[in-house]
Amino acid sequence: MATFLFRVGRFAFDRRGVVLAAWLLTLVTVGALAGAFAKSADAQLSIPGVESVEATELLQERFGQGAAGGATARIVFAAPEGESLGDDSFRSAVAETLADAAGAEQVAAVSDPFATGAVSADGRIAFATVSYVVQVDSITDTAREQLLAVGADARAAGLTVEIGGEATLAEAAQSATEALGVLVALLVLAVAFGSLLAAGLPLLTALIGVGVGMAATLAVSSIVELTSTAPTLGLMVGLAVGIDYALFISIRHKQNLADGMEPRQSVAMAVGTAGSAVVFAGATVMIALAGLAVVGISFLTTMGLVAAGMVAVAVLVALTLVPALLGFAGARFDRWPVPGLRRRQARLATRPSAGARWASLVTRRPVAFLVAALIGTGALAVPALDLTLGLPDEGNLSAEATQRQAYDLLADGFGPGFNGPLTVVVDAAGVAGAEAGLLAAQRAGEEIGALSDVVLVSPAVLSPAGDTAILTVIPRSGPAATDTKALVEAIRDLKPAVAEATGGELYVTGNTALGIDISDRLTSALPLFLVVVVGLSLVLLTLAFRSILVPIKATAGFLVSLAATFGALVAVFQWGWFTDLLGVESTGPIMSFLPILLVGLLFGLAMDYEVFLVSRMREDYVHGASPQEAVVGGFRHGARVVTAAALIMAAVFSGFILGDDATIKSIGFALAFGVLIDAFVVRMTIVPAVMALLGHRAWYLPAWLDRIMPDVDIEGARLEREDRDLPAPGADDPSPERVMVGSDARG
């Protein structure tokens, strides 16, 4: 592979104008396709085969699409403390607001709270239900804006008016705060290279790659349903790995130039050596993300494939566009120096690197460092024992959002369970008798009403055929409470009794039940996916490092990183630690798909650092270094790159913590924290300590396995050996092409 990539790098250098034009043409083309075919990424989180989804499909069949799943919103009115909405002036203001809402686009009907009894017991809080003629994903921005604009007259009369419900929630837009992460990444690159030109190149290529990937994602959204999180996740991952992969190749090019190579050979060697590691690392990330398909959940599969596609584009950019731009820079790759920084780097170059000094320190006291690191990460992982999964609702929004304020008012006026009603479907289609559906619903209502956590069971609503009924159940506890989950299970436990007494089938659905079902399904799928990822890790790392114990150590380190990340996630987003510092508005269950997504993402990113550190250790060990010397040598060559890459990734991911979307905020935090823990605690502390303790045993591989395994050579070591054996420029037969067809060009 190294030989092929050498040729790719040399071609991109020689035909740099053509390569750059091809990428720009691709960007323009896919951008035009995105403009022509993109649609809103607003697919709902759903899992076929779970009870709540099957019940919703049954409702759509028996009641019709609009009646079963039409979009709704709520207008919530609150009188001042000690007053009642029944006052004539307040009633008049409420009526005017309802009339304005009824005139908004796509609105089918608006209920009157005084006619439906939707007024709290003290008369201070009431709500009106706004029903739409379309599904939630078909509501236009204009219709949404018109609804959110109503209520001015009621507010002028002294009422509080807040509006919530699914129809009011627009797709989250990208915020400018994410650019802060990019600026921090640029600062890290400037320090790493000591040159503004060299620092800007990885950022420029990453932005072009992200532009191509995002445009392609939006273009295919016309035929593939995307959740609102999928494009943002793709942007997050694509930007981080795009900068890192370009950094790996550019740093190697800088080292080659410092060693005296001319630019053309330097670029080709950088792509052939560091590019091999980029391909391996990128393939690992892509396989892990695409592996999300094994859990059989469509929205998660789509998210994984979008992120994997962004990584694929980042790899292609690193192998082609980066060497092309390096060709334009030529021998003056390090022009526009950062004032004062280059002189400091020149002084530091005369001393052992910080990475080598750190590795020497760790390998002299491996037990102490290993125990300290494991105790620290173990303490961080403790909160993960309390991990609770769920789906976000309006209670997770910013306290200033009108949807959140409507949510809180309804909880105050009608109890916390009012925001998480359960929809119970009773199917009596197979039961004889004209009133079979009504009788089955009445019996189900009696059984459910006797449960301790039930506040109210509404009268049954029958389908046109009379064979199916809907009951609305208001729990005593809130949507995210464990008591509500227990209530859902208790209602489902009533199925045998209802079936025996009436012949009817009972189902529980609604947003609350759907969230519970999705969380349970994802939790049960996590062990399978973890086994797939761990198995993949062992196979790939065994191929890469030709060792048995190194892959086991790497995989165990990944699990340590994962546990610590889950612990930090629970501590911040569930327990509420450091919420003011991080701008977290509210706490609650962790997004149900986040753990399984983190497994795929962190696995791939962790293997990046493992490859760039341990592969150089192996190269030194094979050339006769002692185990401890090999560890120090690996850090001498790789610690600086890994440090810069980890800081860049963490900066990019942290930029998303500053946004408003709670889901994206939690993903950004988890990835940033996970990358930092994995890079600095696991790979740069635990790894050298374990390698020092293992000694020669770290590189043991049974002879029979060594014979049948292919030689992957991910660092392009063979290519470097061939380059060292070349005659000097100007000697007989200096052609690089001749080198590539030598007797040992299997890289």
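If you're wondering where the values come from, they're calculated on a predicted model, not measured in any experiment.

## Structural notes on helix 16 (residues 366–381)
Inference 1: The terminal C-alpha atoms of helix 16, which comprises 16 residues, lie 22 Å apart, in line with the 22 Å expected from a rise of 1.5 Å per residue.
Inference 2: Every buried residue belonging to helix 16 is among P366, F369, L370, A373, T377 and A381, and all of these are buried. For helix 16, the buried positions fall inside an angular range of 100° around the axis, keeping them on one side. Opposite the buried face of helix 16, by more than 90 degrees, sit the exposed residues V367, I375 and A379.

## Describing the pairing of strand 6 (residues 422–427)
Inference 1: Counted residue by residue, strand 6 has six buried out of six residues, so it is predominantly covered.
Inference 2: Neither face of strand 6 is left uncovered, since the one carrying L422, V424 and V426 and the one carrying T423, V425 and D427 both have all their residues buried.
Inference 3: Examined bridge by bridge, strand 6 and strand 9 (residues 468–475) share six bridges and lie antiparallel to one another. Looking at the pairing, L422 lines up with V473 of strand 9.
Inference 4: For strand 6 and strand 10 (residues 505–509), the ladder comprises five bridges, and the chain directions are antiparallel. Looking across to strand 10, one finds that V426 is bridged to L506.

## Structural notes on the sheet that holds strand 4 (residues 160–164)
Inference 1: Strand order in this open sheet of four strands is 2-3-1-4, and the pairing throughout is antiparallel. Pairing within the sheet leaves two strands with one partner each, and these edge strands are strand 2 (107–110) and strand 4. Taken over all neighbouring pairs, the strand axes of this sheet differ in orientation by 20° on average, direction set aside.
Inference 2: Sheet topology note: the strand 1 (residues 72–78)/strand 4 ladder contains five bridges and is antiparallel. Its bridge partner being in strand 4, A78 is matched across the sheet by T160.

## Let's talk about the pattern of salt bridges
Inference 1: Going through the model one piece at a time under the given rule, you end up with 15 salt bridges.
Inference 2: Here R124 and E81 are joined by a salt bridge, their closest N and O atoms 3.7 Å apart. Placement of the pair is R124 in the loop between helix 6 (113–116) and strand 3 (125–132) and E81 in the loop between strand 1 and helix 5 (88–102), with a sequence separation of 43 residues.
Inference 3: For R124, a relative accessible area of 15% corresponds to the buried category.
Inference 4: When its relative accessible area of 67% is taken as the criterion, E81 is described as exposed.

## Concerning a nonpolar patch on the surface
Inference 1: Taken together, the side chains of V367, V371, I375 and L693 make up a nonpolar region of the molecular surface, amounting to roughly 350 Å² of accessible area.
Inference 2: Per-element tally for the nonpolar patch: the top contributor is helix 16, with three residues.

## Comments concerning the nonpolar core
Inference 1: The biggest cluster of nonpolar side chains holds 163 residues, and the ones touching the most others in it are I243, Y245, I249, L300, F593, M617 and F653.
Inference 2: Among the elements that make up this core, the one with the highest residue count is helix 13 (residues 298–329) (20 residues).
Inference 3: If sequence neighbours within four positions are ignored, L300 has contacts with L292, V295, L522, F593 and I596.
Inference 4: By size, the runner-up hydrophobic cluster in this structure holds 27 residues, among which are F77, F90, A93 and L147.

Cut-offs and rules
- Residues numbered from 1 in each chain as written.
- Predicted model: local features only at pLDDT ≥ 70, side-chain atom pairs only at ≥ 80, totals over all residues.
- Heavy atoms only, no water.
- Helix = DSSP H or I, 4+ residues; strand = E, 2+ residues; numbered from the N terminus.
- Expected span 1.5 Å × (residues − 1).
- Buried < 20%, exposed > 50% of the residue type's maximum accessible area, 1.4 Å probe, protein only.
- Arc of directions from axis to C-beta.
- Pairing = 2+ DSSP bridges.
- Axes fitted to C-alpha atoms, helices over the stretch in contact; angles between N-to-C directions.
- Salt bridge = Lys/Arg side-chain N within 4 Å of Asp/Glu carboxyl O.
- Patch = residues over 30% accessible without salt bridge, like charges linked within 9 Å, V, L, I, M, F, W, Y side chains within 5 Å.
- Areas by Shrake-Rupley, 256 points an atom, 1.4 Å probe, with all protein chains shown as cover.
- Core = buried A, V, L, I, M, F, W, Y, C linked by side-chain atoms within 4.5 Å.
- Contact = heavy atoms within 4.5 Å.

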